[in-house]
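Architecture at a glance
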Amino acid sequence: MKKTLSIGLPLALVLLSVGFYQAIYVAPTEATMGQIQRIFYYHFPSAIMALLFPYINFIASLVFLATRNSNPPRAQAADALALASAEMTLIFCSIGLATGMLWARPVWGIWWTWDERLTSFLMLWLIYVSYLLLRRFTAGGQTQTLAAVLSIFAAIDVPIVYMSIRWWRTQHPSPVIGGGANSGLDPSMWPAVWWNLAGWFVWGVMLVTLRYQLERKRQRAQQESVLQALAAN
Amino acid sequence: MHKNSVGIRVAVAAVVIVGTILYLAVTGVRANKSYYVTIQELQSMGNRAYTRHLRVAGNVEPGSIQRDGAHAQFVLVEQGRKLEVKYTGSDPPPDTFKDNAQALAVGMYGRDGVFHATQVQAKCASKYAPAKPGEKPRQTASMAQPR
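Described below are features of the structure shown in this document. (Residues numbered from 1 in each chain as written. Chains lettered and ligands numbered in written order. Predicted model: local features only at pLDDT ≥ 70, side-chain atom pairs only at ≥ 80, totals over all residues. Heavy atoms only, no water.)

**Here we look at the overall build of chain A**
Along chain A, the regular secondary structure elements total six helices and one strand. Considered along the principal axes of its C-alpha atoms, chain A spans approximately 75 × 40 × 25 Å. A sequence separation of at least 24 residues applies to 76% of the contacts in chain A between residues at least 6 apart. Just so you have it, chain A exposes about 11,400 Å², and 70% of that area is on carbon and sulfur atoms. Between the centroid of the 16 positive side chains of chain A and the centroid of its 9 negative side chains there is a distance of 9 Å. (Helix = DSSP H or I, 4+ residues; strand = E, 2+ residues; numbered from the N terminus. Contact = heavy atoms within 4.5 Å. Areas by Shrake-Rupley, 256 points an atom, 1.4 Å probe, with all protein chains shown as cover. Lys, Arg positive; Asp, Glu negative; His and termini not counted. Charge placed at Lys NZ, Arg CZ, Asp CG, Glu CD.)

**Here's the deal with the packing of aromatic side chains**
All told, the structure shown has 20 aromatic pairs over all chains when counted by the stated rule. Between Trp200 of chain A and Trp203 of chain A the ring centres are 5.2 Å apart and the planes differ by 90 degrees, which places this aromatic pair in the edge-to-face class. A residue pair is termed a helical-turn pair when its members lie 3 or 4 positions apart in one helix, as Trp200 of chain A and Trp203 of chain A do in helix H6 (residues 190–232) at three residues. Three or more aromatic residues joined by ring pairs form one cluster here, namely Phe40, Tyr41, Phe44 and Trp103 of chain A together with Tyr128 of chain B. In this structure, Arg166 of chain A packs its charged tip against the face of Tyr162 of chain A, placed 4.2 Å from the ring centre. It is Arg55 of chain B that lies over the ring of Tyr35 of chain B; its NZ or CZ is 3.9 Å from the centre. (Phe/Tyr/Trp six-rings, centres within 6.5 Å; stacked < 30°, edge-to-face > 60°. Lys NZ or Arg CZ within 6 Å of the ring centre and 35° of its normal.)

**Section: the interface of chain A and chain B**
Of the residues lining the interface, 40 residues belong to chain A; the matching set on chain B comes to 33 residues. At the surface where chain A touches chain B, the tally comes to one salt bridge. Note that Arg169 of chain A is salt-bridged to Glu41 of chain B, the shortest N-O span being 2.8 Å. In this structure, the connection of chain A to chain B is made through 16 residue pairs in polar contact (both at pLDDT 80 or more). (Salt bridge = Lys/Arg side-chain N within 4 Å of Asp/Glu carboxyl O. Polar contact = N/O pair within 3.5 Å; in protein donor to acceptor, adjacent residues only side chain to side chain.)

**Some remarks on helix H3 (residues 72–108) of chain A**
Its 37 residues place the ends of H3 of chain A 51 Å apart at the C-alpha level, agreeing with the 54 Å of an ideal helix rising 1.5 Å per residue. The first or second residue beyond H3 of chain A is Gly109 of chain A, which carries a positive phi of 95 degrees. (Expected span 1.5 Å × (residues − 1).)

**Section: the pairing of strand S2 (residues 54–60) of chain B**
Residues and elements named next belong to chain B. Most of S2 sits out of view: six of its seven residues are buried. Alignment of strand S1 (residues 37–38) against S2, held across two bridges, turns out to be parallel. Paired with Val37 across the bridge in S2 is Val56. Direction of pairing for S2 relative to strand S6 (residues 102–109): antiparallel, over a ladder of six bridges. Counted as the bridge partner of Leu54 is Gly107 from S6. Examined bridge by bridge, S2 and strand S4 (residues 71–78) share two bridges and lie antiparallel to one another. Within the sheet, the bridge partner assigned to Asn59 lies in S4 and is Val77. (Buried < 20%, exposed > 50% of the residue type's maximum accessible area, 1.4 Å probe, protein only. Pairing = 2+ DSSP bridges.)

Here it is as structure tokens:
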């Protein structure tokens, strides 16, 4: 864990500091939205990470489901990764929702609306809230299996979130990046996007790694206490 | 319990759940076709247009905005079609609501041919450009109320 911190933390802080400088001081003020558009440099990377990390959770959950009987040690490691990435997804999802609402109020005139993009993204947030509640409050030996099944629903929701602004008419703008002819960023805005994408990615990977290591320690401690209890009998 | 019967049960449950989600999604999208209608769709809806609470999209015709306190009257344009909108909500429209901006009016279409909106929302473009030099960048943070 010390190694993760000593490499990951400085790297994340440097990237995020450059990202902050680029987003707030270097990137030009946007023509129609003004200063508030700078929130894009935080809204977009968080939202992208909120669509990326569910797949770490999904793959880890599949590994857990496939190996839970045949290879329990591997299944436990996969489950620790699934838990760590689920928590990280919820953080990114929350930042995406919060920055989106703060941005919507001044430029759309509303905090929230039930269009396909906002609704499907809220669903993703709710799925991970219920995932973590499920892990914490269910008793018995089925918790990990049930959680792994729930992660499949998140994996189904992610493509819907991504495609929602392409499939349907939404309040949310159609894709700015990778959109059609009448979309895109001015070249002077790209550095702020790249630095923040890199920064939030490294930050996320570092936290997932730390959380994974912590969960492994907890698993080992629990195993030991079970063994000790058995030996005492 | 046999391993096989568990597998079949899980498969049946998965098919039922995924099938229900797909059914709801498809019928939901068909019934309430979309988040907003275009002016052309509104005008070709016939009688149904007058009885439903709708959201209409269009561009604000330059120079058409007449503000009256928090209320406003303006014209939405979309591919040559025009729609007169009377906005009588309690909140002033957002700062981004101005000439040529994409806007959404939420309310009822009246038989007088005027759309009576209780909410006006701006819709942002997907193209971000820097403010031109010399042009004073807008201060969105103020959220000033037009008086």
